Amino acid sequence: QVQLVESGGGLVQAGGSLRLSCAASGLTFSRYPMGWFRQAPGKEREFVAAVTWTGSSTAYADSAKDRFTISRDNAKNILFLQMNGLKPEDTAVYYCAAGRMRGAVSPSFREYDYWGQGTQVTVSS
């Protein structure tokens with residue numbers, strides 16, 4: 001059974017930083033592209049960042065470029081999202097997701113088969 005468990009969310013002031021983690025089990029983590037998505041109240045789930053299964057390539061939403069960094073530790077089956085310069089509009093539930101085995105990174109949530117339960121990030125102004 002595949003499990004993705006996010007952690008590291010919380011309340012932070014604007015300009016602050018958070019590091020999200022996603023612990024994966026039940027799948028060969030190193031063979032899956034991984035992504036971060038977020039969903040704010042009343043809004044659709046949106047792409048934040050993704051990383052290839054080897055970790056050699058990444059992709060970011062425009063809103064995340066230059067502020068967020070996605071990375072992975074395939075030896076420990078953990079996905080990370082380092083978020084700096086947080087803004088109130090970054091407030092959302094953040095989800096990690098696993099894509100198709102050995103697939104490419106994608107900004108479309110339809111390309112991801114497994115999802116975590118999410119972790120809340122709240123940025124105060």
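Further up the page is the structure itself.
Residues numbered from 1 in each chain as written. Predicted model: local features only at pLDDT ≥ 70, side-chain atom pairs only at ≥ 80, totals over all residues. Heavy atoms only, no water.

Quick word on the pattern of salt bridges
Taken as a whole and assessed by the stated rule, the structure comprises six salt bridges. Note that R38 is salt-bridged to E46, the shortest N-O span being 2.5 Å. Among the residues examined, R38 registers a relative accessible area of 5% and is labelled buried. A salt bridge links E111 to R100; the shortest N-O distance between them is 3.8 Å. With E111 in the loop between strand 9 (92–99) and strand 10 (112–115) and R100 in the loop between strand 9 and strand 10, this pair connects stretches of sequence that are 11 residues apart. (Salt bridge = Lys/Arg side-chain N within 4 Å of Asp/Glu carboxyl O. Buried < 20%, exposed > 50% of the residue type's maximum accessible area, 1.4 Å probe, protein only. Helix = DSSP H or I, 4+ residues; strand = E, 2+ residues; numbered from the N terminus.)

Observations regarding the environment of P107
Its place among the elements puts P107 in the loop between strand 9 and strand 10. As for P107 and Y60, which are separated by 47 residues in sequence, their C-alpha atoms are 8.3 Å apart. Ignoring anything within four residues of it in the chain, the contact list for P107 reads F37 and F47. (Contact = heavy atoms within 4.5 Å.)

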